[in-house]
Amino acid sequence: NAGVTQTPKFRILKIGQSMTLQCAQDMNHNYMYWYRQDPGMGLKLIYYSVGAGITDKGEVPNGYNVSRSTTEDFPLRLELAAPSQTSVYFCASSYPPRPGKNTEAFFGQGTRLTVV
Amino acid sequence: GQQLNQSPQSMFIQEGEDVSMNCTSSSIFNTWLWYKQDPGEGPVLLIALYKAGELTSNGRLTAQFGITRKDSFLNISASIPSDVGIYFCAGQKGTSYDKVIFGPGTSLSVIP
């Protein structure tokens, strides 16, 4: 199993450009998430999905869009890149939570995005 | 919004030393999670704690769920160079990951 795969690993965008960050998982997980990581700030949830066709906003969704047409894929779209979106982006997936127990989230290796 | 505080922010220790770090919050959580992020990688779960007062070990790592449910501690014994990385605590109120809140992390450097 490859786990959670993110592409690209690095990208430089100009202000106003758009791009899609790809995320794919082969563990048949229903739940998928997008986080951004800024220095000294921990991980902030951007969007998440509990299954194909279902998405919802996290803590910091502005400037981003997502779609979930299949269980495996959860792309993150930036329509008009801004310098504030310079960050490291992590995709994660998990099984649905089980009663009385948390569910481990598996993270990809991250995409480092710079907007200039 | 809700915030988790981690201390220390960074640590430089000699190989073989023990390490202690903690995570505090003004809110009560049902679950505490500790993740480690190696340089250039995504976070990986180390320990999950589900009950106030719970003490759980994973090899040289020991974590505790605070009695007040507002804090958690992670100890690493006999540190080795591969312990280098950022350690994140995360608190969870519900049972789904949209409600997980991550702390800012503790950066650990181990001097051989």
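Let us look at the structure shown here. Not measured: the values here are computed from a predicted model.

Brief notes about the overall build of chain B
Logical step 1: The number of helices and strands found in chain B is 0 helices and 11 strands.
Logical step 2: Its helices and strands taken in sequence order, chain B reads β-β-β-β-β-β-β-β-β-β-β from the N to the C terminus.
Logical step 3: At 13 Å, chain B has a C-alpha radius of gyration in line with the 13 Å of a compact globule built from 112 residues.
Logical step 4: If one aligns the C-alpha atoms of chain B with their principal axes, the spans along those axes are about 40 × 30 × 20 Å.
Logical step 5: Counting across all 112 residues of chain B, residues that qualify as buried make up 46%.

Thoughts on unusual backbone geometry
Logical step 1: Look at the link from T7 of chain A to P8 of chain A: it is a cis peptide, with omega at -5°.
Logical step 2: Position of P8 of chain A relative to the elements: it lies in the loop between β1 (4-7) and β2 (10-13).
Logical step 3: Residues S7 of chain B and P8 of chain B are joined by a peptide bond in cis, for which omega reads -5°.
Logical step 4: Tracing the chain through its elements places P8 of chain B in the loop between β1 (4-7) and β2 (10-14).
Logical step 5: Phi is positive for N28 of chain A, close to 60°, though the residue is something other than glycine.
Logical step 6: On the secondary structure map, N28 of chain A appears in the loop between β3 (19-25) and β4 (31-37).
Logical step 7: Owing to a relative accessible area of 54%, N28 of chain A belongs among the exposed residues under this scheme.

A word on the environment of T7 of chain A
All names here are of chain A.
Logical step 1: With respect to the secondary-structure elements, T7 resides in strand β1.
Logical step 2: Each C-alpha atom, one on T7 and one on T111, is 6.7 Å from the other, the two residues being 104 residues apart in sequence.
Logical step 3: When residues no more than four places from it in sequence are discounted, the contact partners of T7 are L21, Q22 and T111.

A word on the interface of chain B and chain A
Logical step 1: Listed as interface residues are 19 residues of chain B and, on the opposing side, 21 residues of chain A.
Logical step 2: With both chains or domains summed, chain B and chain A bury close to 1,700 Å², and 56% of this area falls on carbon and sulfur atoms.
Logical step 3: Seen at the junction of chain B and chain A, the total is 0 salt bridges.
Logical step 4: Among the elements of the structure, β4 (31-37), β5 (43-49) and β9 (85-92) of chain B are those that each provide at least two residues to the side of chain B that touches chain A.
Logical step 5: Here the side of chain B that touches chain A gets 4 residues from one element, more than from any other, and that element is β4 of chain B.

Examining the environment of E15 of chain B
Residues and elements named next belong to chain B.
Logical step 1: Relative to the helices and strands, E15 is located in the loop between β2 and β3 (19-25).
Logical step 2: A C-alpha to C-alpha distance of 5.7 Å links E15 and V110, two positions 95 residues apart in sequence.
Logical step 3: Sequence-distant contacts of E15, defined by excluding residues within four places in its chain, comprise S79, I80, P81, V110, I111 and P112.

A word on the pattern of salt bridges
Logical step 1: Per the counting criterion, the structure on display carries 5 salt bridges over all chains.
Logical step 2: Between E79 of chain A and R77 of chain A there is a salt bridge, with its nearest N and O atoms 3.2 Å apart.

A closer look at the packing of aromatic side chains
Logical step 1: If you walk through the whole model with that rule in mind, you get 10 aromatic pairs over all chains.
Logical step 2: Ring geometry for F107 of chain A versus Y35 of chain B: centroids 5.7 Å apart, planes at 85°, classification edge-to-face. With one member in each of two chains, F107 of chain A in strand β10 (residues 106-107) and Y35 of chain B in strand β4 form a pair that bridges those chains. As far as burial versus exposure is concerned, F107 of chain A and Y35 of chain B are alike and both buried.
Logical step 3: Through a chain of ring-to-ring contacts, the aromatic side chains of Y31, Y33, Y35, F90 and F107 of chain A together with Y35 and F102 of chain B assemble into a single cluster.
Logical step 4: Above the plane of the ring of F74 of chain A lies R68 of chain A, whose end atom (NZ or CZ) is 5.9 Å from the centre.

Comments concerning the layout of surface pockets
Logical step 1: Put simply, the largest pocket is a space of about 610 Å³.
Logical step 2: Forming the boundary of the largest pocket are 33 residues, of which Q37, V88 and R112 of chain A together with Q37 and I86 of chain B lie nearest the centre.
Logical step 3: Going through the elements one at a time, β9 (87-94) and β11 (111-115) of chain A together with β9 and β11 (106-111) of chain B are the ones with two or more residues in the lining of the largest pocket.
Logical step 4: Ranked by residues supplied to the lining of the largest pocket, first place goes to β11 of chain A with 4 residues.
Logical step 5: For the lining of the largest pocket, the per-class residue count stands at 10 nonpolar, 18 polar and 5 charged.

Cut-offs applied
- Residues numbered from 1 in each chain as written.
- Chains lettered and ligands numbered in written order.
- Predicted model: local features only at pLDDT ≥ 70, side-chain atom pairs only at ≥ 80, totals over all residues.
- Heavy atoms only, no water.
- Helix = DSSP H or I, 4+ residues; strand = E, 2+ residues; numbered from the N terminus.
- Rg over C-alpha atoms; globule rule 2.2 N^0.38 Å.
- Buried < 20%, exposed > 50% of the residue type's maximum accessible area, 1.4 Å probe, protein only.
- Contact = heavy atoms within 4.5 Å.
- Buried area = accessible area lost by both parts, 1.4 Å probe.
- Salt bridge = Lys/Arg side-chain N within 4 Å of Asp/Glu carboxyl O.
- Phe/Tyr/Trp six-rings, centres within 6.5 Å; stacked < 30°, edge-to-face > 60°.
- Lys NZ or Arg CZ within 6 Å of the ring centre and 35° of its normal.
- 1 Å grid on protein atoms, 1.4 Å probe; cavity = no way out; pocket = protein on both sides within 12 Å on 5 of 7 lines; lining within 4 Å.
- Points joined across faces, edges and corners; volume = space filled by probe spheres on them.
- Nonpolar A, V, L, I, M, F, W, Y, C, P; charged D, E, K, R; others polar.

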